[in-house]
Amino acid sequence: MSSGGMSILSATRYTEATDIKGLIADAGTRRRMSRLIKMGVATGMDCLVKGGIGCPDAIVCATGYGFLADSEKLLGQMVSAGEEMMSPTPFMQSTFNSIGSSIAIMTGSQGANMTFADGWRSVGAALVFCQMLITSGEAETVLLVAGDELTPTLRTIVDRMGCARHGIAAGEGVAAVLMGREGGIGTIEEICPTTERWPIEKSDWAFPTASAMRLLDAIERKETTTYETTGAKCRIGF
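Keep in mind that what you see is a predicted model, and the values were worked out from it rather than measured.

(A) Spotlight on the confidence of the model for the chain. Looking at the chain as a whole, its pLDDT mean stands at 84, while 86% of the residues score no less than 70. Considering each helix and strand of the chain separately, the mean pLDDT is smallest for helix H5 (residues 89–93), with a value of 64, and largest for strand S2 (residues 58–62), with 97.

(B) Spatial organisation of the sheet that holds strand S7 (residues 225–229). Taken in spatial order, the 8 strands line up as S3-S2-S4-S5-S1-S6-S8-S7 in an open sheet, and their pairing is mixed. Each end of this open sheet is capped by a strand with a single partner; those strands are strand S3 (113–116) and S7. Averaged over neighbouring strand pairs, the angle between their axes works out to 25 degrees when direction is ignored. This element, helix H3 (residues 35–51), spans strand S1 (6–13), strand S4 (141–148) and strand S5 (173–180) of the sheet and lies at about 30 degrees to S5. Against the sheet, helix H7 (residues 122–135) engages S1, S2, S3, S4, S5, strand S6 (186–193), S7 and strand S8 (232–237), with an angle of about 165 degrees to S2.

(C) Inspection of the nonpolar core at higher detail. Counting residues in hydrophobic clusters, the biggest one holds 35 residues, and the most contacted among them are Val-60, Leu-133, Val-142, Val-177, Met-179 and Ile-188. When residues of this core are traced back to their parent elements, those giving at least two are S1, S2, H7, S4, S5, S6, helix H9 (208–221) and S8. Tallying contributions element by element places H7 first for this core, with 8 residues. Counting 24 residues, the second largest nonpolar core, distinct from the first, contains Leu-9, Ala-42, Ala-104 and Val-174.

(D) Broad picture of the packing of H3 against helix H6 (residues 98–107). At a minimum axis distance of 9 Å, the contact between H3 and H6 shows a crossing angle of 50 degrees. When the interaxial angle is binned, H3 and H6 end up oblique. The two elements H3 and H6 meet at a crossing, and its hand is right-handed. In this structure, H3 contributes Leu-36, Ile-37, Gly-40, Val-41, Gly-44, Met-45 and Leu-48 to the contact, and H6 contributes Ser-98, Ile-99, Ser-102, Ile-103, Met-106 and Thr-107. Counted by class, the contact of H3 with H6 contains 8 nonpolar, 5 polar and no charged residues.

(E) Quick peek at the pairing of S6. Sheet topology places S1 next to S6; 3 bridges connect them, and they run antiparallel. Counterpart to Met-6 in the pairing with S6 is Ile-188. Two strands pair when backbone bridges link them, and S6 and S8 are joined in this way by 5 bridges, in the antiparallel orientation. When the bridges of S8 are listed, Ile-188 appears paired with Ile-236.

(F) Molecular detail of the pattern of salt bridges. Considering all chains together, one arrives at 6 salt bridges under this definition. With its nearest N and O atoms 3.3 Å apart, the salt bridge here joins Lys-50 to Asp-46. With a gap of 4 residues between them, Lys-50 and Asp-46 both fall in helix H3, about one helical turn apart. Through salt bridges with shared partners, one network takes in Arg-13, Asp-217 and Glu-220.

(G) Representation of helix H4 (residues 68–80) within the structure. When the terminal C-alpha atoms of H4 are compared, their 18 Å separation across 13 residues agrees well with the 18 Å that a helix rising 1.5 Å per residue should span. Taken together, the buried positions of H4 are occupied by Leu-68, Asp-70 and Leu-74. Count one or two residues on from H4 and you reach Gly-82, which has phi positive near 60 degrees.

Cut-off values and rules
- Residues numbered from 1 in each chain as written.
- Predicted model: local features only at pLDDT ≥ 70, side-chain atom pairs only at ≥ 80, totals over all residues.
- Heavy atoms only, no water.
- pLDDT = per-residue confidence, 0-100.
- Helix = DSSP H or I, 4+ residues; strand = E, 2+ residues; numbered from the N terminus.
- Pairing = 2+ DSSP bridges.
- Axes fitted to C-alpha atoms, helices over the stretch in contact; angles between N-to-C directions.
- Contact = heavy atoms within 4.5 Å.
- Core = buried A, V, L, I, M, F, W, Y, C linked by side-chain atoms within 4.5 Å.
- Buried < 20%, exposed > 50% of the residue type's maximum accessible area, 1.4 Å probe, protein only.
- Parallel < 35°, antiparallel > 145°, perpendicular 65-115°, else oblique.
- Left-handed = near helix turned anticlockwise from the far one by under 90°.
- Nonpolar A, V, L, I, M, F, W, Y, C, P; charged D, E, K, R; others polar.
- Salt bridge = Lys/Arg side-chain N within 4 Å of Asp/Glu carboxyl O.
- Expected span 1.5 Å × (residues − 1).

Next up, the structure:
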């Protein structure tokens, strides 16, 4: 288990009260963004504001299934238009790194910018990478943004798989945590990468949003605890 830790500088989540217009000031930029991109970028920018950091050294994002609404729209257009005269917008907004790249453009961040899209393992993998960036000295501050969206198609798939019988509830949302080398409101330490496969009894691990929200809940409650998710296990201290 690694002894390298990270300080928690700030943490936040997307809510209906999140000031998207204030956090993404340019109206044209907002207009071009899909709903999940706006949620993710606004949450990430809000986290930076609360942490007093204008430009993070690195940006790390985690998503289980990416931008499903735009992916579905892109595939629908490919079928209906016979792959001709298609709008480029759904394609551009369906790429998983849209949130991280948008935040980098807005803040001027030129450091590492990585997106993990690995189903239920994405949040754990992202945490391990954040630790690597900080302990190696490559970054003094790292912004982690985790988010997913729920679409009618995903809901249908989850229902057909019978996930509800095992207590797995599909969900959506965005959480952001700003980490650094020192200071802040708490610490994330002793991060241990794990390789175990997801067991059905740990059903909230199936959706990365639930996993990220559990981390955020512990930070907001200032609860010293062992946080465990598929891909990583760590100690949170205050």
